Amino acid sequence: MKKAFFLDRDGVIIEERNYLSDPGQVALCSGAAEAIRTMRQAGYLVIAVSNQSGVARGYFTREQLKAVEHRIDALLEAGGARIDAWYYCMHHTKGIIPEFTCDCDCRKPRPGLFLQAAKDYDIDLADSFMIGDKVSDILAARNARCRNAVLVLTGHGSEEKDLPGLEDTPIEKDILAAAHRLLALPE
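The shown structure was predicted, so the numbers you read here are calculated from the model rather than taken from an experiment. (Residues numbered from 1 in each chain as written. Predicted model: local features only at pLDDT ≥ 70, side-chain atom pairs only at ≥ 80, totals over all residues. Heavy atoms only, no water.)

1. Points about the overall build of the chain
No. 1: Helix and strand content of the chain: 6 helices and 6 strands.
No. 2: Taken from N to C terminus, the helices and strands of the chain fall in the order β-α-β-α-β-α-β-α-β-α-β-α.
No. 3: Viewed in the frame of its principal axes, the chain has a C-alpha envelope of about 45 × 35 × 35 Å.
No. 4: Buried residues in the chain amount to 51% of all 187 residues. (Helix = DSSP H or I, 4+ residues; strand = E, 2+ residues; numbered from the N terminus. Buried < 20%, exposed > 50% of the residue type's maximum accessible area, 1.4 Å probe, protein only.)

2. Concerning the pairing of strand E3 (residues 85-89)
No. 1: Burial of E3 is extensive: 5 of the 5 residues sit out of reach of the surface.
No. 2: Residues Ala-85, Tyr-87 and Cys-89 of E3 are buried on one face, and the alternating residues Trp-86 and Tyr-88, pointing to the opposite face, are buried as well.
No. 3: As judged from the 5 bridges shared by strand E2 (residues 45-51) and E3, these two strands associate in the parallel manner. By the bridge assignment for E3, Ala-48 is matched with Trp-86.
No. 4: Read from E2 through helix H2 (residues 62-78) to E3, the crossover connection turns out right-handed. (Pairing = 2+ DSSP bridges. Right-handed = clockwise from strand over helix to strand, strands pointing away.)

3. Some words on the packing of helix H1 (residues 32-41) against helix H6 (residues 175-183)
No. 1: Between H1 and H6, the least distance of the axes is 8 Å, while the angle of their chain directions is 20°. Regarding the angle of H1 to H6, the classification is roughly parallel. Two packed elements cross with a definite hand, and for H1 against H6 that hand is left-handed. Mapping the contact onto sequence places Ala-32, Glu-34, Ala-35, Thr-38 and Met-39 in H1 and Ile-175, Leu-176, Ala-179, His-180 and Leu-183 in H6.
No. 2: Considering only residue class, the contact of H1 with H6 consists of 7 nonpolar, 2 polar and 1 charged. (Axes fitted to C-alpha atoms, helices over the stretch in contact; angles between N-to-C directions. Parallel < 35°, antiparallel > 145°, perpendicular 65-115°, else oblique. Left-handed = near helix turned anticlockwise from the far one by under 90°. Contact = heavy atoms within 4.5 Å. Nonpolar A, V, L, I, M, F, W, Y, C, P; charged D, E, K, R; others polar.)

4. A short note on H2
No. 1: Taking 1.5 Å of rise per residue, the 17 residues of H2 would be expected to cover 24 Å, and the 24 Å separating its terminal C-alpha atoms lies within 8% of that figure.
No. 2: Taken together, the buried positions of H2 are Leu-65, Val-68, Glu-69, Ile-72 and Leu-76. The buried residues of H2 all sit within an arc of 100° when viewed along its axis, so they share a single face. For H2, the exposed residues lying more than 90 degrees away from the buried face are Glu-63, Glu-77 and Ala-78.
No. 3: Its buried side turned inward, H2 meets H1 and E3.
No. 4: Of the residues flanking the end of H2, it is Gly-80, one or two places downstream, whose phi is positive at about 75°. (Expected span 1.5 Å × (residues − 1). Arc of directions from axis to C-beta.)

5. Brief notes about the pattern of salt bridges
No. 1: One pass over the structure, following the stated rule, counts 11 salt bridges.
No. 2: Linking Arg-9 and Asp-10 is a salt bridge whose minimum nitrogen-to-oxygen distance equals 3.0 Å. Across the pair, exposure class does not vary: Arg-9 and Asp-10 are buried alike.
No. 3: In this structure, the salt-bridge partner of Lys-66 is Glu-69, at a minimum N-O distance of 3.2 Å. Remark: Glu-69 and Lys-66 occur in helix H2; sequence separation between them is 3 residues, near one turn of the helix.
No. 4: Here Glu-69 falls in the buried class, since its relative accessible area comes to 5%.
No. 5: Here the salt bridges do not stand alone but share partners, grouping Asp-8, Lys-108 and Asp-137 into one network. (Salt bridge = Lys/Arg side-chain N within 4 Å of Asp/Glu carboxyl O.)

Okay, here's the thing in structure tokens:
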């Protein structure tokens, strides 16, 4: 089985923009390309797992979401890095787009995105990590039974670092520091 780093998108890989729909506004977080290169060189798949309720809410379309993804891919490629797969939860119970207005098992903190990726890529979740900037990211990793998770202070992390649910969760300044911390853990 393979092992993976699961990464939240907004506030971890790219700078937080709140319902980002314009590829022209994409900016990588400091150290993101280097961190992802380091993860892959260590033998990990890199999987993005992101709640994108803006689709259900009608803030942007699936096509706009894909255009943002392509821009991120291009920026990472320019830095010698790449994401192996993108998984999104586009649902929300308060959505206005009927096809995405529902309660689901993939919206973090639920583990559906992790479980689907594990099935698709033969990933051992117990040997995999999560880096996120919200309590919901950390709880999703726990619910998926990932080995460990780190909260980063980029994105929403500095606002969420003292919230319940993060007890015993390591906190790092950014994705690169989080990657180094997790990769330094004994096997």
